[in-house]
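# Chains, contacts and geometry: an overview
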Amino acid sequence: MLSLKGWVNDMEERSLDRALDITSKLIMGEEISKDTNIALYEEYNSNSQVYTCVHAILKKMNLDIYEFNYALYVSPGENNRIFGYTNEELRRELGLKVNKELFLCYYIIYNIIMEFYTDTTTYNYVEFVRLEDVIATVDGSVGSIVDLSKGIILDEVEENSFKQIALMWHDLQAMSVEESSDVRAARNSKSGYVKIVFNFLESQRLLTQVEGRYYPTDRFRALIENYFDNYKGRIHEILKGKEEA
């Protein structure tokens, strides 16, 4: 006959086993939701031991877990060298050569987020964005970072600073001659850089594109609504023009 202690140990072992199933599937990119891997999704939401184990395991791996629209999503924590990208890896992924180009892409990503979420507290967001919308948003935001009337030139600005990113963007033409009919991902124009970013966000299943309109996926909303407010900090202050860059 199974003792009380043995029964408790069996329960704990079963909960740990289910938690490992959940975390391994999430890490491998499988969906856990009310429609896919339903039993695991229900275990996560109804079994407090499984829930606690999942969060403990992911915390040890420096991964964050979010729930949105009855589905679970994971994202690498800050400086996660295993599940996240290093600058070098991300440059290769995006086809960039130097960090200042990468930081410009980070800046474009931030502005795309701001296009969708003007207020993450109340979750107000637009339905979709277009390439020209993002260009206009970045054009507008760089004005709060550097005053071009002061005659600042790129060589005078600290490497990889917000001012350098703003000046680099300002020096790009809106669209190259070759892009007049078909915008391509390239480092020779504002539209080319935005296209690089859009392609990457699509590959990460964060955006989906239909006839030039980019729509946020549930994965995007899960990460942004739960993560963005915790990390926008100083860059938000700069974009709003509340302090010097």
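Refer to the structure above for everything that follows.
Let me begin by describing the structure that accompanies this report. (Residues numbered from 1 in each chain as written. Predicted model: local features only at pLDDT ≥ 70, side-chain atom pairs only at ≥ 80, totals over all residues. Heavy atoms only, no water.)

### Some points on the side chain of N111
By the secondary structure assignment, N111 is in helix α5 (residues 99-116). Accessibility expressed as a relative area gives 2% for N111, which makes it buried. A polar side-chain atom of N111 sits 2.8 Å from the main-chain carbonyl oxygen of Y107. Beyond its immediate sequence surroundings of up to four residues, N111 is in contact with T137, V138 and S141. (Helix = DSSP H or I, 4+ residues; strand = E, 2+ residues; numbered from the N terminus. Buried < 20%, exposed > 50% of the residue type's maximum accessible area, 1.4 Å probe, protein only. Polar contact = N/O pair within 3.5 Å; in protein donor to acceptor, adjacent residues only side chain to side chain. Contact = heavy atoms within 4.5 Å.)

### Some details on the environment of R130
Tracing the backbone through its elements, the reader meets R130 in the loop between β5 (124-125) and α6 (131-142). Here R130 is in contact with F198, G212 and R213, once residues within four sequence places are set aside.

### What about the nonpolar core?
Core analysis: the biggest nonpolar cluster contains 42 residues, and I108, W169, Y193 and F198 have the highest contact counts within it. Every element with two or more residues in this core is listed here: β2 (63-68), β3 (71-76), α4 (87-94), α5, α6, α7 (162-171), α8 (190-203) and α9 (218-231). Judged by nonpolar contacts, the second largest core, of 15 residues, contains I22, L26, L40 and V74. (Core = buried A, V, L, I, M, F, W, Y, C linked by side-chain atoms within 4.5 Å.)

### Considerations on the packing of α4 against α8
Two elements in contact, α4 and α8, have axes whose closest approach is 10 Å; the angle formed by their N-to-C orientations is 105°. The angle between α4 and α8 places the two elements in the roughly perpendicular class. Across the interface between the two elements, L90, E93 and L94 of α4 pack against I196, F200 and S203 of α8. Of the residues in the contact of α4 with α8, the class split is four nonpolar, one polar and one charged. (Axes fitted to C-alpha atoms, helices over the stretch in contact; angles between N-to-C directions. Parallel < 35°, antiparallel > 145°, perpendicular 65-115°, else oblique. Nonpolar A, V, L, I, M, F, W, Y, C, P; charged D, E, K, R; others polar.)

### Points about the sheet that holds β3
Strand order in the open sheet made by the three strands is β1-β3-β2, with antiparallel pairing throughout. Only two strands of the sheet have a single neighbouring strand rather than two, namely β1 (32-33) and β2. Bridge count between β1 and β3: two bridges; the pairing is antiparallel. What sits directly across from I32, in β3, is L72. Together, β2 and β3 form the strand contacts of helix α3 (residues 48-60), whose direction differs from that of β2 by roughly 135°. (Pairing = 2+ DSSP bridges.)

### Some remarks on the pairing of strand β6 (residues 207-210)
In terms of strand pairing, β6 meets strand β7 (residues 213-216) through four bridges, oriented antiparallel. Across the sheet, residue V210 finds its bridge partner in β7, namely R213. The antiparallel pairing of β6 with β7 creates a hairpin that spans two residues between the two strands, and E211 there sits at a positive phi of about 50°.

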